[in-house]
Each structure stands twice: as C-alpha cells, then as structure tokens.
Amino acid sequence: MRRPSRALVAAAVLPVLALSACGGSTEPERESAPPTSSTATASTSTTTASASPSRPTSARGDRVVWAALGDSYASGTGTGRYDVDGPCMRGTRAYPELLAARDRAVDLTFLACAGATTDDVLDRQVPQVPRDADVVTISVGGNDAGFFGAVPLCLSEDQEKACLDRLATMRSSAPGTIGPALSATYAAVARRAPRARIVAIDYPQPFSDGRACAAAQGVSAREAKALDRTVAAVNEVIERRAKAAGVTYVPTAERFRGHGVCSRTPWVNGLTSEWTELYHPSAAGHRDGFAPLVAPHLRRS
C-alpha cells in the first residue's frame, strides 16, 4: 500500500489533533457541553457547563451514582454515533451509555469529552461530578502526553525516523509530563466525591501485536511497534499514579490483545474509518472491550 503524501496527511489528520476544538485557539480544547444522564439530558448551552446534576440526591434511592470522566476514549470517539453530544463526540455506543442502558440501577452523569486534557477534566468535568457519586471512572492523560501530535509524522511519507524519535521522546518524558497532572486529577475527584470509588482506565494499544497492514496506511511495522510501546509507557504512568492515590486501575491490554488495527477482528479503528476516529476503539471495542472491564466496578461504595 502506497503511503499517503505528507501534505495530504497533514491536512487530513488536523481534525484528529483538534478533535472537538473550535474557535481557532491554540489552547487544548476544553469541553463546554454539560453532562448527560441515563435519566435526563441537559441543555447543551455553554452557560450550563457547571450546572448541578439533574437528579437530586434525595431521589437516588438505591441507584448506583456513576460519573464517567475523561477524553475521547471514554466519550465514544470511534464508535460512529455521537447522538448524546456531538461536539464532545459522546454517543450511545460508548461504554458508559451501554452499561447505563443495561442496568436501570445505574444513574449516569456522562462528562467525558473528545480532546480533554487533565486540565479540562479538572476545570470542566470534576465540578459537575455528583457529590454523592458511588463510582467515578476516568480515562485521561493521552492528550497531555501529546500522542496525537506524533501521528502525522508516523503517517507521513519518508518520516519514519522523525516518528520514532518523537515517540521515544514521549516515552522518556511521560512520567514527568503526565504523572503530576494525573495525581492532581485523582485528588480533585476524591475531594469532590469523597465516598466514590475512583476507577482509572488506561488506553488500548492501537496495534497490540506490532504488525502493520493496509488499514494502517503509511505506518511501518517499526512505527506500529513504537506506537504500541508509547501507549504502554503512558499506561505505566497511569498505573503508578493511580495505585499511589488509592485509585482502582483497570488495564486494557489483555482484553484488547488480538483486536488491534491489523487483526482479523479489530476493535480499534485504522484509516478505513473517519480521520477523527483514527486509533480509537470502535463500537465493538466499547461493547466487547471496555464494557466488560468497567461493569464489575459499578456498585455502591
């Protein structure tokens, strides 16, 4: 398969890097949409971004109060349906919505948003977490690490060395780049919802076996392996910081093994999908990958 031209890749990958960014700002996009609930949907006006949860504590009864925080890997980017919140790429095929639909005892506040960094989670998502939450799940850190900033190099013609060098730098800098931010995020969630079980979910490796293929147009086998190693390095930081904070850590590697971009049954999108969904779990990845990992943690504190 011929690798795409550098100009074409740069133009096409821009939406992936920006994700839900708008307004032309060079700052990371911070989601402005309010949460959605399994029982109610709030207005999408930015003026309600810090609104209180729609269901008052007194009405919850024996329900499991769950807040789903994070970035595109939690919002459902890659599932192909964004009917909950378009700008944040939240949809009913995302694992939070799937699990809430299956269990009527779950009261979901869905806050995850495509493009979110730890700062975005702290500023825009944590203040909306119900104070009586039983469970708070969170997937964040990849955008802080700058993973998608390296993707154009890895897809571009004759840029293998630049790609490998960029990824090596990311791996070595990950502990200092995202470690303190993750700790601060976990601590903020704990202060907001003191009795909640906090669950940190890491990132699936896009290739999982290091193989390149037609669906990974422009990515060599060496680059595929380096991309996987870089995701693994980010996950190691998430694991260390989560465990140090007393947060439950949920690894995805074993569950997604054999379902990478180049597998016979991929759960991760390659370039056959929309560019904004590149290397994100598909609907199958949320249904068969994430959902079984998260479901056991949805119980009252």
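Residues numbered from 1 in each chain as written. Predicted model: local features only at pLDDT ≥ 70, side-chain atom pairs only at ≥ 80, totals over all residues. Heavy atoms only, no water.

**Focus: the overall build of the protein**
Argument step 1. In terms of helices and strands, the protein carries 10 helices and 6 strands.
Argument step 2. Looking at the protein as a whole, 55% of its 301 residues qualify as buried.
Argument step 3. Restricting the contact set of the protein to residue pairs at least 6 apart, pairs at least 24 apart contribute 75%.
Argument step 4. Carbon and sulfur atoms make up 51% of the accessible area of the protein, which totals about 12,200 Å². (Helix = DSSP H or I, 4+ residues; strand = E, 2+ residues; numbered from the N terminus. Buried < 20%, exposed > 50% of the residue type's maximum accessible area, 1.4 Å probe, protein only. Contact = heavy atoms within 4.5 Å. Areas by Shrake-Rupley, 256 points an atom, 1.4 Å probe, with all protein chains shown as cover.)

**Considering helix H8 (residues 221-244)**
Argument step 1. Its 24 residues place the ends of H8 35 Å apart at the C-alpha level, agreeing with the 34 Å of an ideal helix rising 1.5 Å per residue.
Argument step 2. A positive backbone phi angle near 75° is found at Gly246, which sits one or two residues after H8. (Expected span 1.5 Å × (residues − 1).)

**Some thoughts on the environment of Asp134**
Argument step 1. Structurally, Asp134 is set in the loop between helix H4 (118-125) and strand S4 (135-139).
Argument step 2. Judged by its relative accessible area of 0%, Asp134 is buried.
Argument step 3. Only 2.7 Å separates the side chain of Asp134 from the side chain of Arg195, close enough to count as a polar contact. (Polar contact = N/O pair within 3.5 Å; in protein donor to acceptor, adjacent residues only side chain to side chain.)

**Some thoughts on the pattern of salt bridges**
Argument step 1. Counted under the stated rule, the structure contains 8 salt bridges.
Argument step 2. Here Asp107 and Arg63 are joined by a salt bridge, their closest N and O atoms 4.0 Å apart. Placement of the pair is Asp107 in strand S3 (residues 106-110) and Arg63 in the loop between strand S1 (36-37) and strand S2 (64-70), with a sequence separation of 44 residues. Assigned by exposure class, Asp107 and Arg63 land together as buried.
Argument step 3. In this structure, Lys243 and Glu239 form a salt bridge, with 2.7 Å as the shortest nitrogen-oxygen distance. Remark: Glu239 and Lys243 occur in helix H8; sequence separation between them is 4 residues, near one turn of the helix. (Salt bridge = Lys/Arg side-chain N within 4 Å of Asp/Glu carboxyl O.)

**Some details on the nonpolar core**
Argument step 1. Trp66, Leu69, Tyr95, Phe207 and Tyr279 are the most contacted members of the largest nonpolar core, which has 81 residues in total.
Argument step 2. At 10 residues, helix H7 (residues 160-192) tops the list of elements feeding residues into this core.
Argument step 3. Apart from residues no more than four positions distant in its own chain, Leu69 is found in contact with Ala74, Leu111, Ala112, Val121, Gln125, Val126, Val129, Val136, Thr137, Ile138, Ser139 and Val189. (Core = buried A, V, L, I, M, F, W, Y, C linked by side-chain atoms within 4.5 Å.)

**Section: the state of the cysteines**
Argument step 1. Scanning all chains against the criterion turns up 3 disulfides.
Argument step 2. Each bonded cysteine of the protein gets a number by its place in the sequence, and the pairs then read 1-2, 3-4, 5-6. (Disulfide = S-S within 2.5 Å.)

**Here we look at helix H6 (residues 147-155)**
Argument step 1. Burial within H6 is extensive, with 8 of its 9 residues counted as buried.
Argument step 2. Along H6, the residues classified as buried are Phe147, Phe148, Ala150, Val151, Pro152, Leu153, Cys154 and Leu155.

**Comments concerning the environment of Lys225**
Argument step 1. Here Lys225 shows up in helix H8.
Argument step 2. The exposure class of Lys225 is partly exposed, given its relative accessible area of 46%.
Argument step 3. Through-space distance from the C-alpha of Lys225 to that of Ala212 is 8.7 Å; in sequence the pair is 13 residues apart.

**Overview of the pairing of S2**
Argument step 1. A large share of S2 lies buried, amounting to 7 of its 7 residues.
Argument step 2. What you see with S2 is no split at all: Val64, Trp66, Ala68 and Gly70 on one side and Val65, Ala67 and Leu69 on the other are buried throughout.

**What to know about the packing of aromatic side chains**
Argument step 1. For the coordinates displayed, the defined rule picks out 5 aromatic pairs.
Argument step 2. Considering the side-chain rings of Tyr73 and Tyr203, the 5.0 Å spacing of their centres and the 90° angle between planes classify their relative orientation as edge-to-face. Of this pair, Tyr73 sits in helix H2 (residues 72-75) while Tyr203 sits in the loop between strand S5 (197-201) and H8; the two residues are 130 residues apart in sequence, bridging distant segments of the chain.
Argument step 3. By relative accessible area, which is 7% here, Tyr73 ends up buried.
Argument step 4. Exposure remark for Tyr203: the relative accessible area of 6% places this residue in the buried category.
Argument step 5. Each ring, one from Phe207 and one from Tyr279, has its centre 5.6 Å from the other, and the planes form 65°; the classification is edge-to-face. (Phe/Tyr/Trp six-rings, centres within 6.5 Å; stacked < 30°, edge-to-face > 60°.)

**Topic: the confidence of the model for the protein**
Argument step 1. Model confidence for the protein is summarised by a mean pLDDT of 82, while 78% of its residues fall at 70 or above.
Argument step 2. The low-confidence segment residues 1-59 (pLDDT under 50) makes 116 contacts with residues lying over four places distant or belonging to another chain. (pLDDT = per-residue confidence, 0-100.)

**Quick word on the packing of helix H3 (residues 95-102) against helix H10 (residues 283-294)**
Argument step 1. With their axes 9 Å apart at the nearest point, H3 and H10 run at an angle of 65° to one another. By the angle class used here, H3 and H10 are roughly perpendicular. The hand of the H3/H10 crossing is right-handed. Side by side, H3 and H10 meet where Tyr95, Leu98, Leu99 and Arg102 of the first sit next to His286, Arg287, Phe290, Ala291 and Val294 of the second.
Argument step 2. Tallied by class, residues from the contact of H3 with H10 come to 6 nonpolar, 1 polar and 2 charged. (Axes fitted to C-alpha atoms, helices over the stretch in contact; angles between N-to-C directions. Parallel < 35°, antiparallel > 145°, perpendicular 65-115°, else oblique. Left-handed = near helix turned anticlockwise from the far one by under 90°. Nonpolar A, V, L, I, M, F, W, Y, C, P; charged D, E, K, R; others polar.)

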